[in-house]
Amino acid sequence: MTALSPVVDPGSSGVSGDADLRRRAARVIPGGMYGHLNARLLPPGYPQFYERAEGCRLWDADGREYLDFMCSWGPIIVGHRHPAVEEAARRQAALGDCMNGPTARLVELSERLVHLLPHADWAVFQKNGTDATTTAVTMARAGTRRRKIVLAKGAYHGAVPWCSPSLAGVTAEDRAHLIYFRYNDVESLEAAVREAGDDLAAILVSAFRHDMGQPQELPTAAFARAARVLCDRAGSALIVDEVRAGFRLSLQGSWERLGVRPDLSAWSKAIANGYALAAVTGNDAFRQAAQEVYVTGSFWMGGVAMAAALATLDVLENGDAIRHFEETGQRLRDGLARQAARHGLAIRQTGPAQLPSVLFEDDADYAKGAYFAAEAIKHGVYLHHRHNMFLSLAHTVQDIDLALQVTDHACARLAAHL
């Protein structure tokens, strides 16, 4: 396994290593780091700070190289620093980014999304996923003149008081109009809608169930259809949160294959291959509501990210992206299944193969998963022990096979450890 160990990149600047950056950060940043990128939430051996990235690889602040299966937690979909995306961003940056109003890229990208997404008649843009989900909820309330939002218990829709997984700083009033159901459970959904009564503004649902540390679930056709019928009956909005899944399950919208079209969708992460951008797309029933609500941000109209998004969509459409994601994801899933069986380990791989999830049976505290991931990162493969992972167009068959060499070693080490 020595040849697969992370190697120091001689081109790394070496200005300051990970340990030194952590010490400095602890003095000027609360806790040294915050949010989902906090390395303290990961097994031992994971770096906190990074120097550069290329394709499906990244290098930490100490110059160690990793085969990346988190893709910046989803935003990287065509590969880190994809040449076409970077060139489009550079061209726009040379002209300007944040100005007194938007560039033509705003209109071009809106037209592109309306053409691409069957449910969409319009688009508005933000900067991150929480912006998009919050904007969609606000538009649903404006369009229906109602308050209640029905959503799945345990689902992640962002990091502001109405939906944050943390209750620190959250008041009861922030969530006074939320009602919960169980994902893929039609009876539970119907009960939540009944509870909302004539005050139902929207059903908000993830494109697939991806609660951290839990088995993933693709939506059943019956569940998706029920959500659509219930909204139609109540005159409410069906909102699909595409922030995590968007453009990895389908380029036309994740529920299109089920024959169900939302009224509103929230997008971010992969839409601009790492450039900060989010969007809400919607149908004409909510066009007036989209005009009425006041949502804005100093940087929301930046042209660089929109240019990057247009180039990203070009690459995805021309690269047979969905087939690539499915095939490489299945190759990884099949290889891990064979390895686990050979080493006597019981694992659960659930949800879409192109967003890999690997959980170990009888691992309530995720100790097995943490040991497995820690062994993998020692040899240059960056996995996550309880969050779904991500594939990009940059991941080749050879990359998957290289990763499987490392995971086989990690399985053997875990089996010997138990």
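Our subject in this report is the structure included herewith. (Residues numbered from 1 in each chain as written. Predicted model: local features only at pLDDT ≥ 70, side-chain atom pairs only at ≥ 80, totals over all residues. Heavy atoms only, no water.)

**A word on the overall build of the protein**
Alright, step 1. Each helix and strand counted, the protein has 11 helices and 13 strands in total.
Alright, step 2. In summary, the protein has a C-alpha radius of gyration of 22 Å against a globular reference of 22 Å for 418 residues, a match within 12%.
Alright, step 3. When the 418 residues of the protein are sorted by exposure, 56% land in the buried category.
Alright, step 4. Expressed as a percentage of contacts within the protein between residues at least 6 apart in sequence, the contacts between residues at least 24 apart total 76%.
Alright, step 5. Element-wise, carbon and sulfur atoms account for 52% of the exposed surface of the protein, whose accessible area totals about 18100 Å².
Alright, step 6. Looking at charge distribution, the protein has the averaged site of its 43 positive side-chain charges lying 3 Å from that of its 47 negative ones. (Helix = DSSP H or I, 4+ residues; strand = E, 2+ residues; numbered from the N terminus. Rg over C-alpha atoms; globule rule 2.2 N^0.38 Å. Buried < 20%, exposed > 50% of the residue type's maximum accessible area, 1.4 Å probe, protein only. Contact = heavy atoms within 4.5 Å. Areas by Shrake-Rupley, 256 points an atom, 1.4 Å probe, with all protein chains shown as cover. Lys, Arg positive; Asp, Glu negative; His and termini not counted. Charge placed at Lys NZ, Arg CZ, Asp CG, Glu CD.)

**Some points on the pattern of salt bridges**
Alright, step 1. As enumerated under the stated definition, the model contains 29 salt bridges in all.
Alright, step 2. The salt bridge involving Glu65 is made with Arg57; its shortest N-O contact spans 3.1 Å.
Alright, step 3. Residue classification places Glu65 among the partly exposed positions, given a relative accessible area of 23%.
Alright, step 4. Among the ionic pairs, Glu108 bridges to Arg105, the shortest N-O distance being 2.7 Å. With Glu108 and Arg105 both in helix α3 (residues 104-116), this residue pair falls 3 residues apart, about one helical turn.
Alright, step 5. Overall, the relative accessible area of 32% leaves Glu108 in the partly exposed class.
Alright, step 6. The network of salt bridges with shared partners includes Asp20, Arg23 and Arg24. (Salt bridge = Lys/Arg side-chain N within 4 Å of Asp/Glu carboxyl O.)

**Some words on the side chain of Asp263**
Alright, step 1. Inspection of the secondary structure assignment puts Asp263 in the loop between β8 (237-241) and β9 (264-267).
Alright, step 2. Within the local environment of Asp263, its side chain forms a polar contact with the side chain of Arg228, the two groups lying 2.8 Å apart.
Alright, step 3. At 2.8 Å, the side chain of Asp263 and the side chain of Asn283 are in polar contact.
Alright, step 4. The residues touching Asp263, leaving out its near neighbours within four places in the chain, are His119, Arg228, Ser236, Ala237, Leu238, Thr281, Gly282, Asn283 and Phe286. (Polar contact = N/O pair within 3.5 Å; in protein donor to acceptor, adjacent residues only side chain to side chain.)

**Brief notes about empty space enclosed by the protein**
Alright, step 1. This structure, assessed with the given rule, holds 2 cavities of 30 Å³ or more.
Alright, step 2. The calculated volume of the largest cavity comes to roughly 70 Å³.
Alright, step 3. Every residue lining the largest cavity is counted, 14 residues in all, and those nearest its centre are His119, Gln252, Gly253, Glu256 and Pro262.
Alright, step 4. Split by residue class, the lining of the largest cavity holds 6 nonpolar, 5 polar and 3 charged.
Alright, step 5. Estimates place the volume of the second largest cavity at around 40 Å³.
Alright, step 6. Partitioned by chemical class, the residues of the lining of the second largest cavity number 5 nonpolar, 3 polar and no charged. (1 Å grid on protein atoms, 1.4 Å probe; cavity = no way out; pocket = protein on both sides within 12 Å on 5 of 7 lines; lining within 4 Å. Points joined across faces, edges and corners; volume = space filled by probe spheres on them. Nonpolar A, V, L, I, M, F, W, Y, C, P; charged D, E, K, R; others polar.)

**Brief notes about the sheet that holds strand β5 (residues 148-152)**
Alright, step 1. If you walk across this open sheet you meet the 7 strands as β4-β10-β9-β8-β7-β5-β6, and the pairing is mixed. Pairing within the sheet leaves two strands with one partner each, and these edge strands are β4 (122-126) and β6 (178-181). Within this sheet the neighbouring strands show an average axis-to-axis angle of 20 degrees, counted without direction.
Alright, step 2. As defined by bridge partners, β4 adjoins strand β10 (residues 278-282) across 5 bridges and the pair is classed as antiparallel. Opposite Val124, over in β10, you have Val280 as the bridge partner. (Pairing = 2+ DSSP bridges. Axes fitted to C-alpha atoms, helices over the stretch in contact; angles between N-to-C directions.)

**Here we look at helix α2 (residues 83-95)**
Alright, step 1. For α2, which comprises 13 residues, the first-to-last C-alpha distance of 19 Å matches the rise-based estimate of 18 Å (1.5 Å per residue) to within 8%.
Alright, step 2. Along α2, the residues classified as buried are Val85, Glu86, Ala88, Ala89 and Gln92. Down the axis of α2, the buried side of the element spans an arc of 160 degrees, and every buried residue falls inside it. For α2, the exposed residues lying more than 90 degrees away from the buried face are Pro83, Arg91 and Ala94.
Alright, step 3. Lining the buried residues of α2 we find α3 and α8 (303-318).
Alright, step 4. Positive backbone phi, approximately 140 degrees, marks Gly96, located one or two places after α2. (Expected span 1.5 Å × (residues − 1). Arc of directions from axis to C-beta.)

**Observations regarding the pairing of strand β2 (residues 57-60)**
Alright, step 1. When strand β1 (residues 50-54) meets β2, the two strands line up antiparallel, connected through 4 bridges. Following the sheet pairing, Ala53 is matched in β2 by Leu58.
Alright, step 2. Bridge count for β2 against strand β3 (residues 65-68) is 3 bridges, and the pairing is antiparallel. When the sheet's bridge partners are listed, Leu58 is paired in β3 with Tyr66.
Alright, step 3. Where β2 hands over to β3, the hairpin turn is made up of 4 residues, of which Gly63 adopts a positive phi near 85 degrees.

**Regarding the side chain of Gln349**
Alright, step 1. Tracing the backbone shows Gln349 in the loop between β11 (347-348) and β12 (359-360).
Alright, step 2. A polar side-chain atom of Gln349 sits 3.0 Å from the main-chain carbonyl oxygen of Arg333.
Alright, step 3. With near-sequence residues (within four places) excluded, Gln349 lies in contact with Arg333, Leu336, Ala337, Ser357 and Val358.

**Section: the sheet that holds β2**
Alright, step 1. Across the sheet, which stays open at both edges, the 4 strands sit in the order β1-β2-β3-β13 with mixed pairing between neighbours. In this open sheet, the two strands that pair with only one neighbour each are β1 and β13 (381-382).
Alright, step 2. In this structure, β3 lies alongside β13, joined through 2 bridges in parallel fashion. From the neighbouring strand, Asp68 faces β13, where its bridge partner is Tyr382.
Alright, step 3. Packing of helix α11 (residues 397-417) onto the sheet brings it into contact with β2, β3 and β13, and relative to β3 it is tilted by some 110 degrees.

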